[in-house]
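Analysis of the macromolecular model
Chain by chain, the residues:
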Amino acid sequence: MEFCHNLFRIAIAVYFEKMPDKIRHYHQDHHASVAEAKIIAKYYLQRSDQAKTVRTQQDLKDFIKSVEELKQQVSHYNHESYKYRWSTGLDKEVLDKLNQRLLRK
């Protein structure tokens, strides 16, 4: 069971590690400045580090709260297509999976 938890943590961390390059590359499509993109990218990398430390149910709850806060921060940087919005990615690629994991425990 621990092996599955490790893979899950790694998968979530990898999502956050890949996003900074995308954020810096596509920042104009989201109506964000270069400076804003750098700050947002830093937040994503922090979440990657945090994902790697999730071990307990409380860690998972705290991480979900942290990701929800990040989603709130990026929600006003909107791509014209809902599909490509950073907040949509956090919902579909992270929060949905984390909440499913929380419900299974």
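Here the structure is a predicted model, which means the values were calculated and not measured. (Residues numbered from 1 in each chain as written. Predicted model: local features only at pLDDT ≥ 70, side-chain atom pairs only at ≥ 80, totals over all residues. Heavy atoms only, no water.)

1. Examining the packing of helix α2 (residues 34-51) against helix α3 (residues 57-74)
Running from N to C, α2 and α3 cross one another at 170°; their axes reach a closest spacing of 11 Å. Taken together, the axes of α2 and α3 lie roughly antiparallel to each other. Across the interface between the two elements, I40, Y43, Y44, R47, Q50 and A51 from α2 touch D62, F63, S66, V67, L70, Q73 and V74 from α3. Residue composition of the contact of α2 with α3, by class: eight nonpolar, three polar and two charged. (Axes fitted to C-alpha atoms, helices over the stretch in contact; angles between N-to-C directions. Helix = DSSP H or I, 4+ residues; strand = E, 2+ residues; numbered from the N terminus. Parallel < 35°, antiparallel > 145°, perpendicular 65-115°, else oblique. Contact = heavy atoms within 4.5 Å. Nonpolar A, V, L, I, M, F, W, Y, C, P; charged D, E, K, R; others polar.)

2. Remarks on the pattern of salt bridges
A complete count under the given rule lists four salt bridges for this structure. Note that K71 is salt-bridged to D91, the shortest N-O span being 3.0 Å. Pair noted here: K71 is in helix α3 and D91 is in helix α4 (residues 86-104), with a separation of 20 residues, a long-range link. Note that E93 and K97 form a salt bridge whose closest N and O atoms lie 3.6 Å from each other. Of this pair, E93 and K97 both sit in helix α4, separated by four residues, roughly a single helical turn. E93 sits in the partly exposed class, given a relative accessible area of 38%. (Salt bridge = Lys/Arg side-chain N within 4 Å of Asp/Glu carboxyl O. Buried < 20%, exposed > 50% of the residue type's maximum accessible area, 1.4 Å probe, protein only.)

3. So, α4
Owing to its 3.6 residues per turn, the α-helix brings residues three or four apart onto one side. Relative to the 27 Å expected for 19 residues at 1.5 Å per residue, α4 spans 26 Å between its end C-alpha atoms, a close match to the ideal helical length. Of all the bends found along α4, the most pronounced is centred on L95 and spans about 35°. Where α4 is concerned, the buried positions are W86, S87, T88, G89, L90, V94, L95, L98 and R101. (Expected span 1.5 Å × (residues − 1). Bend = angle between axes of the 7 residues up to and from the residue.)

4. What to know about the environment of R85
Turning to its location among the elements, R85 is positioned in the loop between α3 and α4. It is 8.7 Å that separates the C-alpha atoms of R85 and V74, two residues lying eleven residues apart in sequence.

5. Considering the nonpolar core
If you look at the biggest cluster of nonpolar residues, it comprises 25 residues, and the most contacted ones within it are F16, Y44, W86, L90 and L98. Residue assignment for this core shows that the elements contributing at least two residues are α1 (2-26), α2, α3 and α4. For this core, the element with the highest residue contribution is α1, accounting for seven residues. Excluding its chain neighbours within four sequence positions, the residues that come into contact with Y44 are Y15, F16, M19, P20, I23, L70, V74, W86 and L90. (Core = buried A, V, L, I, M, F, W, Y, C linked by side-chain atoms within 4.5 Å.)

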